[in-house]
Amino acid sequence: MTEQVVSCPCGAAKMTVRGEALSQFYCHCGDCRRMLGGAYALEAVFRADDVSVEGATVSFALKRTPRVSCAACGTRLYADLPRLKMRGVNGTLLLGFTPAFHMHCSEALAPVRDDLPHFAKMPAAFGGEDTLVDW
C-alpha cells in the first residue's frame, strides 16, 4: 500500500492519502471551474477512509458537493463525496498525478487536445453514458 503525505502551500494543513487512486481525471464542470478559478480541475478519487487531514479546515459547497480547504490559505484539499464514500483529492497536490480522461467537456471553456478520452458529461463508470465530444 502506498502512502503520500502532502500539504497545502502554507503548510497549515497536512493530508495523508493511502492506497492507489480509484480514478484520476480532469473535470471541466462549471462547479469545479468556479471553485478553483481555472479552466478545469485535476481530481484523484480515493476511498474516503484512505484520506485524512491534520490541521484546521473549512468546508464549503457551491451547489451540492462539499469541498474541504485549508483554513489558513484556502487551498482546496478535497471534494467530499459522502454518498459514494469517496473523496476527490486535488490532483495538483499529489505526486504522480496521471489522468485517464476528461469529463464534463460539454461545459469546457475551450477544447483540450490530447490523447485522452473527452466525455461530454460523465463516463459510464461514474453513472454517465460514455458520450464523447469531438475536438
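Figured I'd write up the structure that's included with this text. (Residues numbered from 1 in each chain as written. Predicted model: local features only at pLDDT ≥ 70, side-chain atom pairs only at ≥ 80, totals over all residues. Heavy atoms only, no water.)

**Some remarks on the nonpolar core**
A general feature of soluble globular proteins is that nonpolar side chains tend to end up buried together.
Inference 1: Formed by 17 residues in total, the largest nonpolar core has its most connected members in Met 15, Val 17, Phe 46, Val 51, Leu 77, Tyr 78 and Val 89.
Inference 2: Among the elements of the structure, strand S2 (14–18), strand S4 (41–47), strand S7 (66–70) and strand S8 (76–81) are those that each provide at least two residues to this core.
Inference 3: Once you skip the residues sitting within four places of it in the chain, Leu 77 turns out to touch Cys 8, Ala 13, Met 15, Val 53, Thr 57, Val 68, Ser 69, Cys 70, Gly 88, Val 89, Asn 90 and Leu 93.
Inference 4: Formed by nine residues, the second largest nonpolar core is a distinct cluster that contains Phe 25, Cys 29, Cys 32 and Ala 41. (Core = buried A, V, L, I, M, F, W, Y, C linked by side-chain atoms within 4.5 Å. Buried < 20%, exposed > 50% of the residue type's maximum accessible area, 1.4 Å probe, protein only. Helix = DSSP H or I, 4+ residues; strand = E, 2+ residues; numbered from the N terminus. Contact = heavy atoms within 4.5 Å.)

**Quick notes on the pattern of salt bridges**
Inference 1: The final tally for this structure, using the stated rule, is four salt bridges.
Inference 2: Close ionic contact of Arg 76 with Glu 43 constitutes a salt bridge, the shortest N to O distance being 2.5 Å. Note that Arg 76 is positioned in strand S8 and Glu 43 in strand S4, a separation of 33 residues in sequence. Both residues of the pair, Arg 76 and Glu 43, belong to the buried class.
Inference 3: A salt bridge links Asp 80 to Arg 87, with the shortest nitrogen-to-oxygen separation between them at 3.3 Å. A single burial state applies to Asp 80 and to Arg 87, both of which are buried. (Salt bridge = Lys/Arg side-chain N within 4 Å of Asp/Glu carboxyl O.)

**Some thoughts on the side chain of His 102**
Inference 1: With respect to the helices, strands and loops of the structure, His 102 is situated in strand S10 (residues 101–103).
Inference 2: Sequence-distant contacts of His 102, defined by excluding residues within four places in its chain, comprise Tyr 26, His 28, Val 112, Asp 114, Leu 116, Pro 117, His 118 and Phe 119.

**Side note on the sheet that holds S10**
Inference 1: Read from one edge of the open sheet, seven strands run S6-S7-S8-S9-S4-S3-S10, paired in mixed fashion. Either end of the sheet is taken by a strand with one partner, and the two such strands are strand S6 (57–61) and S10. Neighbour-to-neighbour, the strand axes of this sheet turn through a mean angle of 30 degrees, independent of strand direction.
Inference 2: Note: S8 against strand S9 (residues 86–90), four bridges, orientation antiparallel. Paired with Asp 80 across the strands is Arg 87, a residue of S9. (Pairing = 2+ DSSP bridges. Axes fitted to C-alpha atoms, helices over the stretch in contact; angles between N-to-C directions.)

**Section: unusual backbone geometry**
Inference 1: The backbone phi angle of Lys 85 is positive, close to 60 degrees, even though this residue is not glycine.
Inference 2: Here Lys 85 is to be found in the loop between S8 and S9.
Inference 3: Given a relative accessible area of 63%, Lys 85 falls into the exposed group.
Inference 4: For Asp 130, which is not glycine, the phi dihedral falls at a positive 65 degrees.
Inference 5: Its place among the elements puts Asp 130 in the segment after S10.
Inference 6: Accessibility expressed as a relative area gives 40% for Asp 130, which makes it partly exposed.

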